[in-house]
Amino acid sequence: MARYLSLRILRAVAIAFAVVTIIFFLFELIPGDQAMYIAGPGSTQAEIDALRERLGLNDPVIVRYVRHLVGLVQGDFGTSSVFKADPLSYILARVPATLALTAAAILLTIVIGIPAGILAALSHNRIPDLAISISVVALLAIPNFWLGLLLISLLSVELGWLPSFGFTGWASLVLPSLALAARLIALVARMTRGVMLEELGRDYVRTARSKGLHPSVIVIRHVLRNAMIPTVTVIGLQTGYLLGGSVVIERLFAWPGIGDLMINAIGQRDYAVVQGITLLFVFGFLIINLLVEVLYTFINPRVRAV
Amino acid sequence: MTATSDTRAPSGRSAYALGWLRQNIYLVLGVAIVGGFAFIAVFAEAIAPYGADEQNLLFALEGPSAAHLVGTDALGRDLLSRVLIGTRHTLTVALTSVAIAAMAGIVLGLISGFVRGWPGRIIDAAVDIALTIPMMVLAIAIAAVMGAGVVGLIVAISISFTPPIARILRGRVLEIREEDFVDAAVMVGVPAWKIMLRHVLPNASTIVVIEASLQAGQAVLVATALGFLGLGVQPPIPEWGTLLGTGREYLQAAPHIVISPGIAISLLVLGFNLLGDGLRDWLDPRIGA
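Numbering of residues starts from 1 in every chain and runs along the sequence as written. Chain labels run from A onward and ligand labels from 1 onward, assigned in the order the entries are written. Since the coordinates come from a predicted model, pLDDT governs what is reported: local features require at least 70, and pairs of side-chain atoms require 80 or more to be given and counted, while whole-chain, interface and lining totals use all residues. Side-chain calculation: all heavy atoms of the structure are included, whereas hydrogens and water are not.

What about the overall build of chain A?
- Elements are defined by DSSP. Helices are runs of H or I of four residues or more, strands are runs of E of two residues or more, and each kind is numbered from the N terminus. On a plain count of helices and strands, chain A comes out with 14 helices and 0 strands.
- If you list the helices and strands of chain A from N to C, you get α-α-α-α-α-α-α-α-α-α-α-α-α-α.
- With respect to the principal axes defined by its C-alpha atoms, chain A has extents near 85 × 55 × 30 Å.
- Only protein chains enter the accessibility calculation, which uses a 1.4 Å probe; a residue whose area is less than 20% of its type maximum is buried, one above 50% is exposed, and one in between is partly exposed. Relative to its full complement of 306 residues, chain A shows a buried share of 46%.
- Within chain A, counting contacts between residues at least 6 apart in sequence, those at least 24 apart form 72% of the total. It only takes one pair of heavy atoms within 4.5 Å for two residues to be counted as in contact.

Regarding the pattern of salt bridges
- A pair is scored as a salt bridge if a Lys or Arg side-chain nitrogen falls within 4 Å of a carboxyl oxygen belonging to Asp or Glu. On inspection of all chains with the given rule, the structure shows 20 salt bridges over all chains.
- Salt-bridge contacts for Asp53(B) lead to Arg82(B); the nearest nitrogen and oxygen are separated by 3.5 Å. One end of the pair, Asp53(B), is in the loop between helix H2 (25-47) and helix H3 (79-114); the other, Arg82(B), is in helix H3, and 29 residues separate them in sequence.
- Residue Asp73(B) is joined to Arg77(B) by a salt bridge in which the shortest nitrogen-to-oxygen separation is 3.0 Å. Like Asp73(B), the residue Arg77(B) is buried in the burial classification.
- Members of the salt-bridge network, linked through shared partners, are Arg11(A), Asp124(B), Asp128(B), Arg167(B) and Arg170(B).

Structural notes on the layout of surface pockets
All names here are of chain A.
- Roughly 780 Å³ of volume is contained in the second largest pocket.
- Only protein atoms enter the 1 Å grid used here, on which a cavity is any set of points holding a 1.4 Å probe that cannot leave and a pocket is any open set flanked by protein within 12 Å on both sides along at least five of seven lines; residues with an atom within 4 Å of a point are listed as lining. The wall of the second largest pocket is formed by 31 residues, among which Leu57, His68, Gly78, Thr79 and Gln275 lie closest to the centre.
- Sorting the residues of the lining of the second largest pocket by element identifies helix H1 (2-28), helix H2 (34-39), helix H4 (61-73) and helix H13 (271-299) as the ones contributing at least two each.
- Per-element tally for the lining of the second largest pocket: the top contributor is H4, with 6 residues.
- In this count, Pro and Cys sit with the nonpolar residues alongside Ala, Val, Leu, Ile, Met, Phe, Trp and Tyr, while Asp, Glu, Lys and Arg are called charged and the others, Gly among them, polar. Taken together, the residues of the lining of the second largest pocket break down into 13 nonpolar, 12 polar and 6 charged.
- Boundaries between domains were set according to an automatic or database domain assignment. Among the domains, domain 1 (2-73) and domain 2 (94-301) are the pair contributing at least three residues each to the lining of the second largest pocket. Grid points are joined across faces, edges and corners, and a volume is the space filled by probe spheres set on the points.

So, the nonpolar core
- Ranked by internal contacts, the top residues of the largest apolar core, which has 140 residues, are Phe27(A) and Ile140(B).
- Looking at which element gives the most residues to this core, the answer is helix H8 (residues 174-200) of chain A, with 14 residues.
- Two domains each put at least three residues into this core: domain 1 (2-73) and domain 2 (94-301) of chain A.
- Setting aside its immediate chain neighbours within four residues, Ile140(B) contacts Val247(A), Met262(A), Ile263(A), Ile266(A), Leu226(B), Leu229(B) and Leu231(B).
- Counting residues in each nonpolar core, the second largest holds 14 residues, with Phe114(B), Val182(B), Met196(B) and Val208(B) among its members. Residues belong to a common nonpolar core when they are buried Ala, Val, Leu, Ile, Met, Phe, Trp, Tyr or Cys residues joined through side-chain atoms within 4.5 Å.

Quick notes on the packing of helix H5 (residues 135-146) of chain B against helix H6 (residues 150-177) of chain B
Residues and elements named next belong to chain B.
- At a closest axis distance of 8 Å, the pairing of H5 and H6 adopts a crossing angle of 145 degrees. Seen from above, H5 lies across H6 with right-handed handedness. Residues Met135, Leu138, Ala139, Ile142, Ala143 and Met146 of H5 form the contact with H6, whose own contacting residues are Val151, Gly152, Val155, Ala156, Ile159, Ser160, Phe161 and Pro164.
- Here the residues of the contact of H5 with H6 are counted per class, giving 12 nonpolar, 2 polar and no charged. Angles shown run from 0 to 180 degrees and are taken between the N-to-C directions of axes, each axis being a line fitted to C-alpha atoms and, for helices, limited to the stretch in contact. Helix crossings fall into two classes, left-handed where the near helix is turned counterclockwise from the far one by less than a right angle and right-handed where it is turned clockwise.

Section: the domain arrangement of chain A
Residues and elements named next belong to chain A.
- Each assigned domain of chain A is listed with its residue range as follows: domain 1 (2-73) and domain 2 (94-301).
- Between domain 1 and domain 2, the C-alpha centre-to-centre distance is 34 Å.
- Between domain 1 and domain 2, the residue contacts involve 17 residues of the former and 13 residues of the latter.
- In total, about 1,400 Å² of surface goes out of reach between domain 1 and domain 2, with carbon and sulfur atoms giving 79% of it.
- Computed with a 1.4 Å rolling probe, the buried area is the accessible surface lost when two parts are put together, summed over both parts. Of all residues in domain 1, the largest losses of buried area upon contact with domain 2 belong to Ile23, Phe27 and Tyr37, amounting jointly to 32% of the total for that side.
- Our enumeration of links across domain 1 and domain 2 arrives at 0 salt bridges.
- In protein, a polar contact requires one atom able to donate a hydrogen and another able to accept it; more generally it is a pair of N or O atoms within 3.5 Å, and residues adjacent in sequence count only if both atoms are side-chain atoms. At the junction of domain 1 with domain 2, the criterion picks out 0 residue pairs in polar contact (both at pLDDT 80 or more).
- When residues of the side of domain 1 that touches domain 2 are traced back to their parent elements, those giving at least two are H1, H2 and H4.
- Ranked by the residues each element gives to the side of domain 1 that touches domain 2, the list is headed by H1, at 12 residues.

Section: the packing of aromatic side chains
Residue and element names in this part refer to chain A.
- The criterion for an aromatic pair is that two Phe, Tyr or Trp rings (for Trp, the six-membered ring) have centres within 6.5 Å, with stacked assigned to planes under 30 degrees apart, edge-to-face to planes over 60 apart and tilted to the rest. Considering all chains together, one arrives at 9 aromatic pairs over all chains under this definition.
- Pairing Phe25 with Tyr65 gives two aromatic rings, centres 5.3 Å apart and planes at 35 degrees, and the pair type is tilted. A residue pair is termed long-range when its members are at least 10 positions apart, and Phe25 in helix H1 and Tyr65 in helix H4 qualify at 40 residues.
- Plain terms: the ring middles of Phe167 and Trp170 are 5.6 Å apart, the flat faces sit at 85 degrees to each other, and that makes the pair edge-to-face.
- According to the relative accessible area criterion, Trp170 is exposed, its value standing at 62%.
- Here the aromatic residues Phe24, Phe25 and Tyr65 are joined through ring pairs into a cluster of three or more.

This is the structure in structure tokens:
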């Protein structure tokens, strides 16, 4: 177990290193003079030249790459052209909002998606099943930002029930997290329905029924436990979607997280911030995947043996 | 569709056709929806009642009427015409990106699955790494580097969609590599590239076709999301995501602006999803849900 875990952690570190390298060289492709953006409009050529020399932008690419790596390890994310400093503290200040948004989306997924899937499986081919299955197909086709626009238009502009702009209290969390979670809710409901139906047809269920166990006991104690394994996997794999989707949703709802900051930074050509947030998303995704794998070994003892 | 409305007792060949249509209803619906959008994309100018850029400020921000079936935008342009003509832009970006991703994915997947030793292992590791970058984040980062526009959008989507195809194809190629006919071809001295193209790829093509059609729906979602963020196709080109991005500013005064582009996106994605699911059920009953 310890050996398995340390191998996974080692692998995650190696991947993180590779991604840092890829992202560094991707951002090398940006045309234009970084020093000019950082110096800002109205600065003289001499000032720009001095800044470029001070930031070491004249050095060969390999020197800058190594400096970038050393900097990252020390928590140095480069120089932002907007904040005129290391952007890390500005980025980190916005992390809690993004974490709250994605956590709320995962919570909604579990609270809505899993019961919907169970309900569909237990009412196989009857009306609740059909209604849920049709909703799943629809939710998988609707873009999250359009769903968000519709929610704002109906619940915020028309009815005035919920806030839709920025953060003005916990009620602000409802619409963005719902728009972000919709696709995942559909995926989890479909997955739960599928594995539930499969499990309900197995021999152990027939045995439990024939010995007179109450159907609710069979479902809760036996079927659900087995059905949860693939569902947890789906939620884990889809956190990448949640992180990417949060950028669009944060923009739509002016949610003060790192996704909104990322799009602002792209507009202002502040590439240190864009690069830093991209890396943060990847690191976050790696850590979540690692946690899911650990969780997985706990729910599914079969993996531990391997 | 004509066959299902046929009320006469079907016999022989038509009974078979009817049964096939019923069994592959997803595929039929998917082909109909995607085919419909392809038709609109080609003949958009002829179908659209107005030009995409025809302005009439007297009728700005008007709701649905007989003259403008789904209303007008802030410059008095007919929204229906803009959505119809926009079909071409959204569909072109999605299909081009998926085609590029499929070709790149086929090359990488074939090599990483078939070639033993370091070339396969390096590609496999690279795909592993690429898969840890959330797709949307990668697409946004690439679009930021490339600058907004159609080319940047296509590069962003095709790069982020390549790794999943390579990974799925590799799995299938690993299976096929163990088949007897591959051993036979190796033994009689057929070169590796020829075995890959002539014998392995045709046997693995099903899975690529299914994955590509499911990805086309995803590509529509990513392309329109980037357009919505202002990182994709730029106004005044009436790409659907761009239409939603500009329409959002008038959400209070004219909420109808965001309705029709959103319906168009959802329908097209639904079409591609049904097409992918239908193809999977038809071509590969083993994986069927």
